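Architecture at a glance
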Amino acid sequence: MIRFRPVIHTGLSSCPPSSTGTRSETGFIILTGCFTGTSCDLTVSLIEMGDVAQDETSFYSNAEGYWRDVSPTVDGMLGGYGRISNIDINGSKLFLHKFLGSWLLGTEGRLWVSSVLYQEKTLESQNRPLSPDSWGQVMSPDGDGKTGTGCALDCGAGIGRISKRLLLPLFSTVDLVDVTQEFLDRAKTYLEEDSKRVGHYFCSGLQDFVPERGRYDVIWIQWVIGHLTDAHLVEFLRRCQGALRPNGLILIKDNMSYEGVVPDEVDSSVCRELPMVRGLVSRAGLRIVHEEQQLDFPKEIYQVHTLALR
Ligand SMILES: C[S@@+](CC[C@H](N)C(=O)[O-])C[C@H]1O[C@@H](n2cnc3c(N)ncnc32)[C@H](O)[C@@H]1O
């Protein structure tokens, strides 16, 4: 799912597959879809993701093997789509600022948000959390108090692409967790001076990782949930909930399929449809407090949604 598939999803976005299907030996429903101007075969599972990862051990070890061979660069993190990183980060900033208290009504507030986007270099170089405290207490979109800017956790962090541009400019301390040691090693230099404000580099699969209770204001989980089975994702989200500070937030930003579960045998992951992700969130006992689709991504890649949970 992390890999972007230029051709197939162009068709999917405009025309859903036909409903004729047969069950394959591996338990997937094979649907042959006819797409606008193109004909292609694709495998779409209409059943629980647990069936996709029948052999859980190889589901995880194949993914680890895949990522070990990926270059520790922004382009590597984004499956060759390094050019969308700016759009992604700017979209995430706008989303997150709604909760950090920087999304004030009125011209002044909008100007401030703009300054984060367009004078990013200046603000980042100040090397401190952006705190609009002087503007008084504001409410987040769900009516709760604002989220703190003390400590964030970057899950499936890779080389720290998100930590560098989104989290470290906003939070005093950021922890990174990823299953690939080489990426975390690269993060130490990629994050430059800001690496001094990294609390921990945890090398662990999220399925095994236990975040410290009550430590985090924000837990950011981007482009990695497809590497977890349903059960592991639910359990991980539960542990994340316990790791939040008051008014803390868990954010999932990820590809969503157009229908069912789409397995990716190359990187050993799955891409779930949005209602399934919402269902897993609810199974974890979490509430979706805000949800948006990332705009301005290339048409040929999966739709990407951001969900704020607590
Ligand atoms: C598509 S990259 C995304 C990296 C980063 N989130 C970003 O957006 O730049 C996926 C990352 O997830 C990591 N990963 C894969 N399976 C994982 C697992 N089970 N637990 C933790 N990290 C995992 C990979 O090593 C890789 O760094």
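Residues numbered from 1 in each chain as written. Predicted model: local features only at pLDDT ≥ 70, side-chain atom pairs only at ≥ 80, totals over all residues.

**Looking at the overall build of the protein chain**
Across its full length, the protein chain carries 10 helices and 12 strands. Expressed as a percentage of the 310 residues in the protein chain, the buried residues total 39%. Of all intrachain contacts in the protein chain linking residues separated by at least 6 positions in sequence, the fraction that spans at least 24 positions is 65%. (Helix = DSSP H or I, 4+ residues; strand = E, 2+ residues; numbered from the N terminus. Buried ≥ 20, exposed ≤ 12 C-beta atoms within 10 Å, placed from the backbone. Contact = placed C-beta atoms within 7 Å.)

**Focus: the packing of helix H9 (residues 230-242) against helix H10 (residues 274-283)**
It is the contact of H9 with H10, at a shortest axis distance of 8 Å, that shows an interaxial angle of 50°. In terms of orientation, H9 lies oblique with respect to H10. As for the relative orientation of H9 and H10, their crossing is right-handed in sense. Together, Asp 230, Leu 233, Val 234 and Leu 237 of H9 and Leu 280, Val 281 and Arg 283 of H10 make up the contact between the two elements. Looking at the contact of H9 with H10, its residues break down into 5 nonpolar, no polar and 2 charged. (Axes fitted to C-alpha atoms, helices over the stretch in contact; angles between N-to-C directions. Parallel < 35°, antiparallel > 145°, perpendicular 65-115°, else oblique. Left-handed = near helix turned anticlockwise from the far one by under 90°. Nonpolar A, V, L, I, M, F, W, Y, C, P; charged D, E, K, R; others polar.)

**What to know about the sheet that holds strand S7 (residues 216-222)**
On the basis of which strands lie adjacent, the open sheet formed by 7 strands has the order S6-S5-S4-S7-S8-S12-S11 and mixed pairing. In this open sheet, the two edge strands, each paired with only one partner strand, are strand S6 (198-203) and strand S11 (288-293). Put simply, the sheet's adjacent strands are angled 15° from each other on average, direction ignored. As judged from the 7 bridges shared by strand S8 (residues 244-256) and strand S12 (residues 303-309), these two strands associate in the antiparallel manner. When the bridges of S12 are listed, Asn 255 appears paired with Val 304. (Pairing = 2+ DSSP bridges.)

**A short note on the nonpolar core**
Counting 58 residues, the largest nonpolar core has Ala 152, Cys 155, Leu 167, Ile 219, Trp 220, Ile 221 and Ile 250 as its most contacted members. Counting residues per element, this core draws most heavily on S8, at 6 residues. If near-sequence neighbours (up to four positions away) are discounted, Ala 152 is found in contact with Leu 167, Phe 171, Val 174, Tyr 216, Asp 217, Val 218 and Trp 220. The next biggest cluster of nonpolar side chains, apart from the first, holds 5 residues, and it includes Phe 59, Tyr 60, Ala 63 and Val 179. (Core = buried A, V, L, I, M, F, W, Y, C linked by C-beta atoms within 7 Å.)

**Thoughts on the confidence of the model for the protein chain**
Here the protein chain averages 79 in pLDDT, while 68% of its residues score no lower than 70. Confidence, expressed as mean pLDDT per element, reaches its minimum in the protein chain at strand S1 (residues 21-23) with 29 and its maximum at strand S4 (residues 151-155) with 99. Confidence over residues 5-47 falls short of pLDDT 50; this stretch has 62 contacts with residues more than four positions distant or in other chains. In this model, residues 102-138 is a region of pLDDT below 50 whose contacts with residues beyond four sequence positions or in other chains number 38 contacts. (pLDDT = per-residue confidence, 0-100.)

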